[in-house]
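Listed here are the chains, written in short residue letters.
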Amino acid sequence: MIAKHREQALAICAAALEAVNPARAVQAHVSLRGEILQIGARPYDLRRYRHILVIGAGKASASMAAALEDIPSTGSGQVLGDRIAAGAVNVKYGYTAPTRRIQLHQAGHPVPDEAGLQGTRRIVDLARSATADDLVICLISGGGSALMFLPVEGIDLAAMQAVTSALLACGATINEINAVRKHLDQVKGGQLARLVYPAELVTLILSDVVGNPLDVIASGPTVPDATTFAEACGIIGRYGLWETIPAPVAAYLRQGLAGQIPDTPKQGDPLFTRTFNLVIGSNTIAAEAALAKARELGFNTMLLSTYVEGEAREAGKFFAAIAREIVASGRPVPRPACVVAGGETTVTLRGRGKEPALSGAKGGRNQELALSAAIQMAGLPDALIVTLATDGTDGPTDAAGALADGTTVNRARARGLDPIAYLANNDAYHFFEALGDLLITGPTNTNVNDLTFILVEKLLGKVA
């Protein structure tokens, strides 16, 4: 099944990625006609502004920056980039694009590093330089939380790295991770907007968060923050991390809980009267494009959900159950079927996965989901599950995901591979690598969560 339908699966994945191409998304929502810059439904008369400044961060933000510079001015022969005074955007290593006026700073993700810190200082300097006569355009995409950060006084880079690693390892959701990070940072949780004020601020957002909550995407640097110190402390307590996180971090959070430190800016704060936030790409857009391509290829389609969360291995069992139901009964959609789901799962590190640097275990949430599904699908004819991290890098790997079908387990055992042991050790990468079933796309320069595809062919086949 994998060999037979790999080409179709890859075509569906490609269609999903093309629909959320960052450059295309910017071009669809931004235009320049003479002196009027149209962003979404809002016109901005550039004669009112002294400077146009560009800031931002994220895995897709380099492509967004390049596309923004290239927006043509109708009838003038100029492009928007000719009018940009300065810009600073942090991007993940390797996720670059050619820009002229906007400086790109490559940095670490998902764990922040010194390069990200230095790039954020440049972003903050630009933000603080803006006046009431300036227009600031902020480009935000998935990964912005780790790529744009400036710890509060008394907390250093090592402490932030330790907190991020602890939250990632315990299986905390991205919403929970960001709630904590927003209360340890000077730009997250609406605080970048505070630095820009009183300048006019427009933020273009490529969403990588389930449901597109603006205060969660990249930790909501330009929107009111709905989370509190109490919530951040509750997350640390819920995962038993008070003794794990660095002492200065624990002390700072407890000070905030006691009301000794002001919380992040909330709804109703006057600084947000001069801000506008626009989502230009999302998981839903990618999922719908995948469905359209699947229909073109002859599949009956269904969008199951774009709100999939939880443990990757549990989600894998659920998707395998859907594949089994389609094979057995033709429900919830008759074969040939393509069921699409979006969202973002999490992984709790177990076994050798707790010490990947020592054990060599390697994987990501999409690969773990695929491995769990493969175990549940063992022997199932005619069904294929494909998992895709839309940014092209699933966790700390060069794979975007993996492909699994009813033959996966048998083929693995024939090579002496025990799928259950690999799953127990969070080592899905090496499992699928040995089978040649990793999904490798390379950096896509976009990021709108993950997608899972369940494909069931028309006629019953035989499992090899």
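A quick note: this is a predicted structure, and the numbers were derived from the prediction, not measured.

Enquirer: Is there a simple way to explain the pairing of strand β3 (residues 42–45) in this structure?
Expert: For a regular strand, the rule is simple: side chains alternate between the two faces of the sheet. Sheet topology places strand β2 (residues 36–39) next to β3; 4 bridges connect them, and they run antiparallel. The residue bridging Leu 37 from the neighbouring strand is Tyr 44, located in β3. The loop that links β2 with its antiparallel partner β3 comprises 2 residues; one of these, Gly 40, has a positive phi angle of about 60°.

Enquirer: Please clarify how empty space enclosed by the protein should be interpreted in this entry.
Expert: Any empty space left between the atoms is revealed when a probe the size of a water molecule rolls over them. Applying the stated criterion to the full structure yields 2 cavities of 30 Å³ or more. Of the voids in this model, the largest cavity is the one considered here, and its volume is about 70 Å³. Looking at the lining of the largest cavity, the elements with two or more residues in it are β11 (337–343), α14 (365–376) and β15 (450–456). When the residues that make up the lining of the largest cavity are grouped by side-chain class, the tally is 5 nonpolar, 5 polar and 2 charged. Volume-wise, the second largest cavity comes out at about 30 Å³.

Enquirer: Mind showing me how you'd approach α14 here?
Expert: An α-helical turn contains 3.6 residues, so any two residues separated by three or four positions project in the same direction. For α14, built from 12 residues, the straight-helix expectation of 16 Å at 1.5 Å per residue is met to within 8% by its first-to-last C-alpha distance of 17 Å. Burial analysis of α14 places 10 of its 12 residues in the buried class, which makes it a mostly covered element.

Enquirer: Hey, could you run me through the pattern of salt bridges in this one?
Expert: Once their charged atoms are close, side chains differing in charge can pair, the charge on each being opposite to the other. All chains considered together, the criterion is met by 26 salt bridges. Salt-bridge contacts for Arg 331 lead to Glu 325; the nearest nitrogen and oxygen are separated by 3.2 Å. With a shortest N-O distance of 3.7 Å, Glu 344 and Arg 365 are connected by a salt bridge. Of this pair, Glu 344 sits in the loop between β11 and α13 (356–359) while Arg 365 sits in helix α14, placing them 21 residues apart in sequence. Each member of the pair Glu 344 and Arg 365 is classed as buried. Each of Arg 6, Asp 405, Arg 411 and Asp 437 takes part in a single network of salt bridges with overlapping partners.

Enquirer: When you look at the packing of helix α2 (residues 22–29) against helix α3 (residues 61–69) in this model, what are you seeing that I'm missing?
Expert: The angle between the axes and the distance between the axes are what describe a pair of packed helices. Closest axis-to-axis distance for the α2/α3 pair is 8 Å, and the angle between their directions is 40°. On the basis of their axis angle, the class for α2 and α3 is oblique. As for how α2 packs across α3, the hand of that crossing is right-handed. Residue-level contacts link Pro 22, Ala 23 and Val 26 of α2 to Ser 63, Met 64, Ala 67 and Leu 68 of α3. A breakdown of the residues in the contact of α2 with α3 according to their chemical character gives 6 nonpolar, 1 polar and no charged.

Enquirer: Can you help me understand the sheet that holds β3 in this one?
Expert: Strands in a sheet are paired, the pairing made by backbone hydrogen bonds, and the direction either parallel or antiparallel. In spatial order, the strands read β1-β2-β3; together these 3 strands make up an open sheet with antiparallel pairing. Either end of the sheet is taken by a strand with one partner, and the two such strands are β1 (30–33) and β3. The mean angle between the axes of side-by-side strands here comes to 20°, regardless of whether they run parallel or antiparallel. Bridge count for β1 against β2 is 4 bridges, and the pairing is antiparallel. Across the sheet, the residue bridging to Arg 33 is Ile 36, located in β2. Packed on one face of the sheet, α2 meets β1 and β2 and runs near 50° to β1.

So, how was this worked out
Residues numbered from 1 in each chain as written. Predicted model: local features only at pLDDT ≥ 70, side-chain atom pairs only at ≥ 80, totals over all residues. Heavy atoms only, no water. Pairing = 2+ DSSP bridges. Helix = DSSP H or I, 4+ residues; strand = E, 2+ residues; numbered from the N terminus. 1 Å grid on protein atoms, 1.4 Å probe; cavity = no way out; pocket = protein on both sides within 12 Å on 5 of 7 lines; lining within 4 Å. Points joined across faces, edges and corners; volume = space filled by probe spheres on them. Nonpolar A, V, L, I, M, F, W, Y, C, P; charged D, E, K, R; others polar. Expected span 1.5 Å × (residues − 1). Buried < 20%, exposed > 50% of the residue type's maximum accessible area, 1.4 Å probe, protein only. Salt bridge = Lys/Arg side-chain N within 4 Å of Asp/Glu carboxyl O. Axes fitted to C-alpha atoms, helices over the stretch in contact; angles between N-to-C directions. Parallel < 35°, antiparallel > 145°, perpendicular 65-115°, else oblique. Left-handed = near helix turned anticlockwise from the far one by under 90°. Contact = heavy atoms within 4.5 Å.

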